[in-house]
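Inside the fold
If you want the building blocks of each chain, they are given just below.
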Amino acid sequence: MVAFEVDEDPAPTLDLPIVGASGLAVVQRAQILDDATDRLVDAGHHVARLDAATWESRDAMYDGFAAALGFPDHFGRNLDALHDCLEDVTHGAYGGRAGATGLVVVVTGLNAFAERFPDLARALVDVLTATTRSAVHGESTLVLLETDHLHPHRKQS
């Protein structure tokens, strides 16, 4: 996962070209996230905002993505299907706004979700990171993750 820390400066700004190059940004402050989201909307991106803090189950996570991105009824409700549907939205098959510059997936409340479902949260970040690889190869998909801290606890082996 490529993280771009934006909380170093007392009055930071989010450098969107840097985010665009990496495809993924981890943001700690809500105001920075809101400013970045506003700038992306102004630039013509379709923004799908999801609140992971409200997800009380694996199904709730899948429901959130399906509703926010207009997944088809046959969405398989597993991580592979989530990745496939995110790729389909990236390529304009469904779920995005016609004529949008690109897709931005904003996930807030990631730490609250990770406290309840640490393995699933890690897997979700992996899926989102894989989705951003399309951005590096010409498609425009960005992921902004709001988290309380940049270095979540890692599972001990």
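The rules behind these values
- Residues numbered from 1 in each chain as written.
- Predicted model: local features only at pLDDT ≥ 70, side-chain atom pairs only at ≥ 80, totals over all residues.
- Heavy atoms only, no water.
- Helix = DSSP H or I, 4+ residues; strand = E, 2+ residues; numbered from the N terminus.
- Contact = heavy atoms within 4.5 Å.
- Polar contact = N/O pair within 3.5 Å; in protein donor to acceptor, adjacent residues only side chain to side chain.
- pLDDT = per-residue confidence, 0-100.
- Core = buried A, V, L, I, M, F, W, Y, C linked by side-chain atoms within 4.5 Å.
- Buried < 20%, exposed > 50% of the residue type's maximum accessible area, 1.4 Å probe, protein only.
- Expected span 1.5 Å × (residues − 1).

1. Description of the environment of arginine 49
Of note, arginine 49 is situated in strand β2 (residues 46-51). It is 9.2 Å that separates the C-alpha atoms of arginine 49 and phenylalanine 65, two residues lying 16 residues apart in sequence. When neighbours within four sequence positions are excluded, arginine 49 is seen to be in contact with Leu33, Asp34, Thr37, Val106 and Thr108. Looking at arginine 49, its side chain comes within polar contact range of the side chain of aspartate 34, at 3.1 Å.

2. Let's talk about the confidence of the model for the protein chain
Taken residue by residue, the protein chain gives an average pLDDT of 80. The fraction at 70 or more is 76%. At the low end of the mean pLDDT range in the protein chain sits helix α1 (residues 16-22), at 50; at the high end sits helix α3 (residues 58-69), at 97. Taken as a whole, residues 150-157 scores under 50 in pLDDT and shows 6 contacts with residues more than four places along the chain or in a different chain.

3. Some details on the nonpolar core
The nonpolar side chains of a soluble globular protein tend to be buried, and buried together. If you look at the biggest cluster of nonpolar residues, it comprises 32 residues, and the most contacted ones within it are Phe65, Phe71 and Val107. Among the elements of the structure, β1 (24-27), β2, α3, α4 (79-90), β3 (103-108), α5 (110-116), α6 (118-136) and β4 (141-146) are those that each provide at least two residues to this core. The biggest single contributor to this core is α6, with 6 residues. The contact partners of phenylalanine 65, leaving out residues within four places of it in the chain, are Leu50, Trp55, Gly70, Phe71, Leu82, Leu86, Val105, Val107, Leu124 and Leu128.

4. Quick look at α4
Residue pairs three or four apart in sequence face the same way in an α-helix, which turns once every 3.6 residues. The terminal C-alpha atoms of α4 lie 16 Å apart, and with 12 residues this matches the ideal 16 Å at 1.5 Å per residue to within 8%. Considered for burial, the residues of α4 that qualify are Ala81, Leu82, Cys85, Leu86, Glu87, Val89 and Thr90. For α4, the N-terminal capping position is held by asparagine 78, with its side-chain oxygen 3.0 Å away from the main-chain nitrogen of aspartate 80. Remark: glycine 92 follows α4 within two positions and exhibits a positive phi of approximately 85 degrees.

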